[in-house]
Amino acid sequence: ATGRPEPKLRGSDHPEYFRFVRMREALRRFLALKVVIIACDPLSRWEKAFWRYYMCRPGADLRGTPTKEDGTQQCWESPAA
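The model shown is predicted, which means the values in this text are computed figures rather than measured ones.

Chemist: Account for the overall build of the chain, with residues named and values stated.
Modeler: Along its length, the chain carries two helices and zero strands. For a compact globule of 81 residues, the expected C-alpha radius of gyration is about 12 Å, and the chain comes in at 23 Å, more than 25% above that figure. Here the C-alpha coordinates of the chain stretch approximately 70 × 30 × 25 Å along the principal axes. Residues classed as buried in the chain amount to 6% of the 81 residues present. Across the chain, every contact between residues at least 6 apart in sequence was considered, and the portion connecting residues at least 24 apart equals 10%. Here the chain has roughly 8000 Å² of accessible surface; of this, 58% comes from carbon and sulfur atoms. Looking at the chain, you have 15 positive and 10 negative side-chain charges, and the mean spots of the two groups are 13 Å apart.

This is the structure in structure tokens:
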């Protein structure tokens with residue numbers, strides 16, 4: 001309706017597309033479909049979670065960490081500990 005050609009490149013950032021078999025089957029029917037996946041560095045994500053929730057530091061949110069015998073929350077000085 002605008003007089004412009006349809007773009008060949010479309011995008012979607014929905015991570016659930018590949019979770020369900022029916023969706024994968026539907027995507028398989030697009031013969032010219034090309035998928036580009038950009039994955040985050042899993043080690044970087046692990047380090048961020050360790051620093052935020054498990055490392056001993058002032059203000060750390062230790063709610064998800066194991067409890068020691070004395071009832072205090074367990075934290076670690078480094079990932080190698």
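Chemist: Can you lay out a nonpolar patch on the surface for me, pointing to particular residues and giving the numbers?
Modeler: A contiguous nonpolar surface patch, about 520 Å² in accessible area, is contributed by Phe-18, Phe-30, Leu-33, Val-35 and Ile-37. Here Val-35 lies in the loop between helix H1 (21–28) and helix H2 (42–53). For Val-35, a relative accessible area of 45% corresponds to the partly exposed category.

Chemist: Go over the state of the cysteines with me, naming the residues and quoting the values.
Modeler: A complete count under the given rule lists one disulfide for this structure. Disulfide pairing places Cys-56 opposite Cys-75 at an S-S distance of 1.9 Å. Because the sign of the S-S torsion sets the handedness, a value of about 100° for the bond joining Cys-56 and Cys-75 places this disulfide among the right-handed ones. Of the two residues, Cys-56 is situated in the segment after H2 and Cys-75 in the segment after H2; the sequence distance between them amounts to 19 residues. Since its relative accessible area comes to 22%, Cys-56 is described here as partly exposed.

Chemist: Would you mind going over the environment of Ile-38 in detail, with residue names and values included?
Modeler: Residue position: Ile-38 is located in the loop between H1 and H2. Owing to a relative accessible area of 77%, Ile-38 belongs among the exposed residues under this scheme. Considered as a pair, Ile-38 and Pro-5 are 33 residues apart in the sequence and their alpha carbons are 28 Å apart.

Chemist: Tell me about the pattern of salt bridges, residues and numbers included.
Modeler: Going through the model one piece at a time under the given rule, you end up with two salt bridges. A salt bridge links Glu-16 to Arg-19, with the shortest nitrogen-to-oxygen separation between them at 3.1 Å.

Chemist: So what's going on with the environment of Pro-15? Which residues, and what values?
Modeler: Topologically, Pro-15 is positioned in the segment before H1. The spatial distance from the C-alpha of Pro-15 to the C-alpha of Gly-64 is 26 Å, given a sequence separation of 49 residues.

So, how was this worked out
- Residues numbered from 1 in each chain as written.
- Predicted model: local features only at pLDDT ≥ 70, side-chain atom pairs only at ≥ 80, totals over all residues.
- Heavy atoms only, no water.
- Helix = DSSP H or I, 4+ residues; strand = E, 2+ residues; numbered from the N terminus.
- Rg over C-alpha atoms; globule rule 2.2 N^0.38 Å.
- Buried < 20%, exposed > 50% of the residue type's maximum accessible area, 1.4 Å probe, protein only.
- Contact = heavy atoms within 4.5 Å.
- Areas by Shrake-Rupley, 256 points an atom, 1.4 Å probe, with all protein chains shown as cover.
- Lys, Arg positive; Asp, Glu negative; His and termini not counted.
- Charge placed at Lys NZ, Arg CZ, Asp CG, Glu CD.
- Patch = residues over 30% accessible without salt bridge, like charges linked within 9 Å, V, L, I, M, F, W, Y side chains within 5 Å.
- Salt bridge = Lys/Arg side-chain N within 4 Å of Asp/Glu carboxyl O.
- Disulfide = S-S within 2.5 Å.

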